[in-house]
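# Descriptive analysis of the structure
This is what each chain is made of:
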Amino acid sequence: MSQEIHGTYSAEAAEPAESAEPEATRRAADETESSRASRGWWDRNADEYQSDHGGFLGDDRFVWGPEGLDEADAALLGPAASLKGRDVLEIGAGAAQCSRWLAGQGARPVALDLSHRQLQHALRIGGDVPLVEADAGRLPFRDGSFDLACSAYGAVPFVADPVRVFREVHRVLRPGGRWVFSVTHPIRWAFPDEPGPEGLSVAASYFDRVPYVEQDEDGDAVYVEHHRTLGDRVRDVVAGGFRLVDLVEPEWPAWNNQEWGGWSPLRGNLIPGTAVFVCERG
C-alpha cells in the first residue's frame, strides 16, 4: 500500500490519545508487528520529534545522525556537483529535510516514509519534493527508477527483515547506483541508552539480537527496534546484492553540545553512536 501525499498540514490532525505508559521489554517481533508499531509510533510522536529536533535538522540540511555529520561535507553520495539531474530516493524521510537539500543541489529526490504524520510535517515546511507514504519493504516504484538511495536513520533500524528492504532498494536502483544509510552504531546496544556517566558501563550482551519492544497493556507492540551486530549488517548488505565500499563512524565534533536521547558529547567522545554504510549496486 502506498500513496502520494498532497494537501495542507493540519496541527490538529494527530492529537495523542491518553494511555498508560508502555512496558519496555525484549522479545520477538515479526515484520508485520514491527511495521504496524513503527507507523503508529511515528504518527503519534512526529509533532514532538520535529519540535525537539527540527532546529538541529533544519528545513533543508542533510544530517546523517545526532553527531551532526553533514552530507555537504561528507559527500557520501558523491560530490555535490555530481548530484545534479540524478534521481534519488530517500527512505524514512520524515519531514524530507534531506530531500530538500538534494533538490537544492539540482537532484530529483522522492521522499518516502511510513508515517503519514511525518509527511504532513514535510508539507508544513513546503517545497516541491514528491512525497510518498509506503513501507520500505514494498517500494512502489519500477525497477531501475533511481540513481541513488539514502536513509538517515530511516526504516532500517525498525524492520525485522533488513535484507528484504535492501533487495527492494537494489531493485529500484540502476546498475552502479549508490545506497547509503545510517543506523545506531551496533556497539551502543551493549550500553544503557543514557547520555550521562550511567551510560558508559556495559549492561547487556552485544550479541543479544532479541528486539527492543515497548508494548501496551494488551501486549501489543507500540515501538520496535531491531539489533544487528556490525557483522550482521555487513552480511545483510551483501545478501541484498550490494558491495560495501565504506563504513563511516562519525566522531563527535567540538561544536556539538546537544544531548539527543542517549547521544551526548560525553559518550560521543568515547564510543561511536552512529554507523553509516556506503554501498554500491552491482
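Here, every reference points to the structure presented above.
The following paragraphs examine the structure supplied in this document. If you're wondering where the values come from, they're calculated on a predicted model, not measured in any experiment.

### A look at the environment of His226
- As for its placement among the helices and strands, His226 is situated in the loop between strand 9 (221-225) and helix 6 (230-239).
- The sequence separation of His226 and Leu89 amounts to 137 residues, and the corresponding C-alpha distance is 23 Å.
- With residues up to four places along the chain from it excluded, the contact list for His226 reads Ala29, Ser34, Pro157, Phe158, Val159, Ala160, Trp189, Pro211 and Arg233.
- A polar side-chain atom of His226 sits 2.9 Å from a polar atom in the side chain of Ser34.

### As for the packing of aromatic side chains
- Across all of its chains, the model carries 18 aromatic pairs by this definition.
- Put simply, the rings of Trp41, Trp42, Tyr49, Phe56, Phe158, Tyr212, Tyr223, Trp255 and Trp260 pair up and form one aromatic cluster.
- Here the basic side chain of Arg61 rests over the ring of Phe56, its NZ or CZ set 5.7 Å away from the ring centre.
- Sitting over the face of the ring of Trp263, Arg188 holds its NZ or CZ atom 4.7 Å from the ring centroid.

### Here's the deal with the packing of helix 5 (residues 162-172) against helix 6
- Two numbers describe how helix 5 lies on helix 6: the axes approach to 8 Å, and their chain directions differ by 40 degrees. When the axis of helix 5 is compared with that of helix 6, the two are oblique. Remark: the crossing between helix 5 and helix 6 carries right-handed chirality. Across from Pro162, Val163, Phe166 and Arg167 in helix 5, the residues of helix 6 making contact are Arg233, Asp236, Val237 and Ala239.

### A word on unusual backbone geometry
- With phi around 50 degrees, Ala75 is a residue other than glycine that occupies positive phi space.
- Its place among the elements puts Ala75 in the loop between helix 2 (71-74) and strand 3 (87-91).
- Relative accessible area serves as the criterion here: at 30%, Ala75 is assigned to the partly exposed category.
- One non-glycine residue, Ala155, adopts positive backbone phi at about 70 degrees.
- Inspection of the secondary structure puts Ala155 in the loop between strand 6 (146-152) and helix 5.
- A relative accessible area of 17% means that Ala155 is categorised as buried.

### Some remarks on the side chain of Arg100
- In this structure, Arg100 sits in helix 3 (residues 97-104).
- Nearest to the buried, unbridged Arg100 among oppositely charged side chains is Asp59, at 5.8 Å.
- A distance of 3.1 Å separates a polar atom in the side chain of Arg100 from the backbone oxygen of Ala122.
- A distance of 2.7 Å separates a polar atom in the side chain of Arg100 from the backbone oxygen of Gly126.
- When neighbours within four sequence positions are excluded, Arg100 is seen to be in contact with Asp59, Asp60, Ala95, Ala122, Ile125, Gly126 and Val129.

Calculation rules
Residues numbered from 1 in each chain as written. Predicted model: local features only at pLDDT ≥ 70, side-chain atom pairs only at ≥ 80, totals over all residues. Heavy atoms only, no water. Helix = DSSP H or I, 4+ residues; strand = E, 2+ residues; numbered from the N terminus. Contact = heavy atoms within 4.5 Å. Polar contact = N/O pair within 3.5 Å; in protein donor to acceptor, adjacent residues only side chain to side chain. Phe/Tyr/Trp six-rings, centres within 6.5 Å; stacked < 30°, edge-to-face > 60°. Lys NZ or Arg CZ within 6 Å of the ring centre and 35° of its normal. Axes fitted to C-alpha atoms, helices over the stretch in contact; angles between N-to-C directions. Parallel < 35°, antiparallel > 145°, perpendicular 65-115°, else oblique. Left-handed = near helix turned anticlockwise from the far one by under 90°. Buried < 20%, exposed > 50% of the residue type's maximum accessible area, 1.4 Å probe, protein only. Lys, Arg positive; Asp, Glu negative; His and termini not counted. Salt bridge = Lys/Arg side-chain N within 4 Å of Asp/Glu carboxyl O.

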